[in-house]
Amino acid sequence: MTVETILREIEQRLGKLDEKAKEAVKLALKLVQGEILPKPAEPQWQGENPPFDEMIKLDIEERSHIVNELEERNLEWLMRRCEDLGAMWLLVIDGQIYAHGKNLADNPPTDEEILELAQKTGKFPLFFLHPSLLRIEEVRWHPTLYVDDAYPTVKLRLRDGSAFWETIADFDTGSVSTFVSYELLETQGLIQRLPADIVHQKAKEAVKLTFVLVQR
């Protein structure tokens, strides 16, 4: 049965169709026949960011669990926003993006700015990092298969006032970021735990995986 035949049949039953109605019928037929794929539904933000006053009363593990759960629930929405904005990190409260950047060198929010936003809105912000930023490599490079050959390394000194810590890290052009152990820096007196700090579950899993690979 042709489209024209179907349109005539509809007009016999319902009366004369205007041009807009005819186009609607033609589009519906194409959808039914699989000629046009429906546009994927736009993901919607699910849930709300937790109240800041309540979150600061919890320990870091409890806070982390709540925030990681919120992120996991909205992962599709977060990834889509990163794609739309060309971003690698987002600062979000209740589906509203307060800041974003192309990499961790692109003015990410400081601890003070996150706390200020939390106090201003009354909500605990979600600082989302694109999964590709959490690809972690070994602390040190290892010798290659060739004699007297090794991957390049770079000596790092992290300092806060008179306190400092030194290490040897990969000097890799393919690495977009460098991550250092939170517990180690806290032990060295270079950072202190703040009410808005959380343990990012994906980063934690990446660290565990890297440790297993190095051990093997």
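Residues numbered from 1 in each chain as written. Predicted model: local features only at pLDDT ≥ 70, side-chain atom pairs only at ≥ 80, totals over all residues. Heavy atoms only, no water.

Draft legend 1. Spotlight on the overall build of the protein chain. Helices and strands together make up the secondary structure of the protein chain, namely eight helices and five strands. Going from N to C terminus, the protein chain has its helices and strands arranged as α-α-α-α-α-β-β-α-β-β-β-α-α. At a minimum sequence separation of 6, the contacts of the protein chain that also span at least 24 residues come to 58%. Looking at the protein chain as shown, the accessible area adds up to about 15200 Å², and 54% of this sits on carbon and sulfur atoms. (Helix = DSSP H or I, 4+ residues; strand = E, 2+ residues; numbered from the N terminus. Contact = heavy atoms within 4.5 Å. Areas by Shrake-Rupley, 256 points an atom, 1.4 Å probe, with all protein chains shown as cover.)

Draft legend 2. Broad picture of a negative patch on the surface. Together, Asp111, Glu112, Glu113 and Glu116 line one region of the surface with negative charge. Among the secondary structure elements, Glu116 is positioned in helix α6 (residues 111–121). Judged by relative accessible area, Glu116 falls into the exposed class, the value being 54%. (Patch = residues over 30% accessible without salt bridge, like charges linked within 9 Å, V, L, I, M, F, W, Y side chains within 5 Å. Salt bridge = Lys/Arg side-chain N within 4 Å of Asp/Glu carboxyl O. Lys, Arg positive; Asp, Glu negative; His and termini not counted. Charge placed at Lys NZ, Arg CZ, Asp CG, Glu CD. Buried < 20%, exposed > 50% of the residue type's maximum accessible area, 1.4 Å probe, protein only.)

Draft legend 3. Structural detail: the environment of Cys82. Inspection of the secondary structure puts Cys82 in helix α5 (residues 75–85). Along the sequence, Cys82 and Gly101 sit 19 residues apart, while their C-alpha atoms lie 9.1 Å from each other. Residues within four places of Cys82 in sequence aside, it is in contact with Ala87, Leu90, Phe128 and His130.

Draft legend 4. Highlighting the pattern of salt bridges. Across all of its chains, the model carries 10 salt bridges by this definition. Between Asp84 and Arg81 there is a salt bridge whose closest N-O contact spans 2.8 Å. Taken as a pair, Asp84 and Arg81 lie in helix α5 at a separation of three residues, close to a single helical turn. When the shortest N-O distance is used, the salt bridge between Asp94 and Lys123 registers 2.5 Å. Taken together, the residues Asp94 in the loop between β1 (89–93) and β2 (96–101) and Lys123 in the loop between α6 and β3 (126–129) connect sequence positions 29 residues apart. Look at Lys123 and you get buried, because its relative accessible area is 17%. Overlapping salt bridges, with partners in common, bring together Glu42, Glu76, Arg80, Arg81 and Asp84 in one network.

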